[in-house]
Amino acid sequence: MNWDDLRIFLAVARAQRFATAGRLLGVDPTTVSRRLARLSDRVGAPLFESIGSERHLSEAGRALLTHAEAIEAAVLAATEQPGEAAAAAGHVRLSVAEGLATSVLAPAMPEFAERHPAIRLDLITASGFLSPSKREADIAVMLARPRGAQLRASELRRYRLRLYGAATYLDRHGAPQSVAALREHRLVSYVPEHIYAPELDYITEVHPDLAPRLRSTSINVQRMMVAAGAGLGILPDFMAATLPDLHPVLAEQVEVWRTFWLVTHPDTHHARRIQAVCDWLSDVTSVG
């Protein structure tokens, strides 16, 4: 099969729109449609189904995807220049928790862009992690080591979460003197039915009877509610550190530990662009 046709097929499978895929590849949507029609004729079945304005893989498309991605990995490996002096280049999709992306990765992005000007990096913080095993992402920073999938996983960073409150809240309501006393305070946390990973359900780890009154699916929204004095909330230390008005509460009694895991697919793990992003992640998350 023609590699250019497969490249367009992969772009549409990931972007789910002809126009978006064409823009990423620098071709017009008509060319995208024509190339896919040719590829579909070769396969003998439609590769996509239209659902609204989006294109979703058909059964034949899902079957082709596995082979197309294997070819993509081989092409990328073959076109990389040998030697350490060769620059990392290409497109990398990084799925990462919102809090880590906001507080740690985004401030370090200028340094990354200077170090790797030929890498186009997508920082994806949608609820739930995209999976390298399904090729939804090239790299995922996850809250738990994946099980049962043929993936490469290594510990990236262990981090601490504590209960925090703003000076305005503590001045008005006083600081609780025990974990049990937290039931008398306004607490900020996640919306339970929208918690996409059990590792985020740390409020019940502190005390099973705690019922947050102010809730959000976004850790950044929670952080800002706590900073505004709306209530007390459990936050990663690396997020609280960016707001000096936040103070630990019950520091010796409320302490939760979690681990970020760096996950890649074995087919692309050694690609220079993937290793460049992994090395950068290790560097920036090791600080603090």
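Everything that follows concerns the structure shown earlier in this document.
This text gives an overview of the structure that appears in the document. It should be emphasised that the depicted structure is a prediction, and the values quoted were computed from it without experimental measurement. (Residues numbered from 1 in each chain as written. Predicted model: local features only at pLDDT ≥ 70, side-chain atom pairs only at ≥ 80, totals over all residues. Heavy atoms only, no water.)

A look at the overall build of the protein
- Broken down by element type, the protein carries 10 helices and 11 strands.
- Among the 288 residues that make up the protein, the fraction classed as buried is 46%.
- Taking all contacts inside the protein whose residues are at least 6 apart in sequence as the whole, residues at least 24 apart take part in 76%.
- Of the accessible surface of the protein, which amounts to about 14600 Å², a share of 50% is contributed by carbon and sulfur atoms. (Helix = DSSP H or I, 4+ residues; strand = E, 2+ residues; numbered from the N terminus. Buried < 20%, exposed > 50% of the residue type's maximum accessible area, 1.4 Å probe, protein only. Contact = heavy atoms within 4.5 Å. Areas by Shrake-Rupley, 256 points an atom, 1.4 Å probe, with all protein chains shown as cover.)

Brief notes about helix H10 (residues 272-285)
- Spanning 14 residues, H10 covers 20 Å between terminal C-alpha atoms, matching the ideal 20 Å at 1.5 Å per step.
- Arg273, Ile274, Ala276, Val277, Cys278, Trp280, Leu281, Val284 and Thr285 are the residues of H10 that are buried. (Expected span 1.5 Å × (residues − 1).)

Digging into helix H3 (residues 29-43)
- With 15 residues, H3 ought to run about 21 Å at 1.5 Å a step, and its terminal C-alpha atoms sit 21 Å apart, in line with that.
- Among all positions in H3, only Thr31, Val32, Leu36, Leu39 and Ser40 are buried.
- A side-chain oxygen of the first residue of H3 lies 3.0 Å from the backbone nitrogen of Thr30; this N-cap is Asp28.
- Residue Gly44 follows H3 closely and has a positive phi angle near 90 degrees. (Polar contact = N/O pair within 3.5 Å; in protein donor to acceptor, adjacent residues only side chain to side chain.)

With respect to the pattern of salt bridges
- Following the criterion strictly, the structure yields 12 salt bridges and no others.
- Overlapping salt bridges, with partners in common, bring together Arg160, Arg162, Asp237 and Glu255 in one network. (Salt bridge = Lys/Arg side-chain N within 4 Å of Asp/Glu carboxyl O.)

A look at the environment of Thr31
- Structurally, Thr31 is set in helix H3.
- For the pair Thr31 and Ile8, spaced 23 residues apart in sequence, the C-alpha to C-alpha distance is 9.3 Å.

Overview of the pairing of strand S1 (residues 48-51)
- Pairing of S1 with strand S2 (residues 54-57), which is carried by four bridges, proceeds in the antiparallel orientation. Across the sheet, the residue bridging to Glu49 is His56, located in S2.
- Count of turn residues in the S1/S2 antiparallel hairpin: two residues, of which Gly52 carries a positive phi of about 65 degrees. (Pairing = 2+ DSSP bridges.)

Considering unusual backbone geometry
- At Gln16, a position not held by glycine, the phi torsion is positive, near 65 degrees.
- Along the chain, the position of Gln16 falls in the loop between helix H1 (3-15) and helix H2 (18-25).
- Among the residues examined, Gln16 registers a relative accessible area of 25% and is labelled partly exposed.
- Here Leu250, not a glycine, exhibits a phi torsion of approximately 50 degrees, which is positive.
- Note that Leu250 resides in the loop between strand S10 (246-249) and strand S11 (255-264).
- For Leu250, a relative accessible area of 12% translates into the label buried.

Details of the packing of aromatic side chains
- Summed over the entire model, instances satisfying the criterion amount to six aromatic pairs.
- With 5.6 Å between their ring centres and 50 degrees between their planes, Phe9 and Phe48 make a pair best called tilted. Of the two residues, Phe9 is situated in helix H1 and Phe48 in strand S1; the sequence distance between them amounts to 39 residues. Phe48 shares its class with Phe9; the two are buried.
- Through pairs of rings, three or more aromatic residues link up here, namely Tyr159, Phe238 and Phe260. (Phe/Tyr/Trp six-rings, centres within 6.5 Å; stacked < 30°, edge-to-face > 60°.)

Some thoughts on the environment of Ser216
- With respect to the helices and strands, the residue Ser216 is situated in the loop between strand S8 (214-215) and helix H8 (219-227).
- Once you skip the residues sitting within four places of it in the chain, Ser216 turns out to touch Ser189, Tyr190, Val191, Val221, Gln222 and Met225.

A short note on the pairing of strand S4 (residues 119-124)
- As judged from the six bridges shared by strand S3 (residues 90-95) and S4, these two strands associate in the parallel manner. Bridge pairing in S4 places Arg93 opposite Asp122.

Let's talk about the packing of helix H5 (residues 98-115) against H8
- One can describe the packing of H5 onto H8 by two numbers: an axis separation of 8 Å at closest approach and a directional angle of 65 degrees. Compared by their axis directions, H5 and H8 come out roughly perpendicular. Two secondary-structure elements touch here, H5 through Glu98, Gly99, Thr102 and Ser103 and H8 through Ile219, Asn220 and Arg223.
- Residue composition of the contact of H5 with H8, by class: one nonpolar, four polar and two charged. (Axes fitted to C-alpha atoms, helices over the stretch in contact; angles between N-to-C directions. Parallel < 35°, antiparallel > 145°, perpendicular 65-115°, else oblique. Nonpolar A, V, L, I, M, F, W, Y, C, P; charged D, E, K, R; others polar.)

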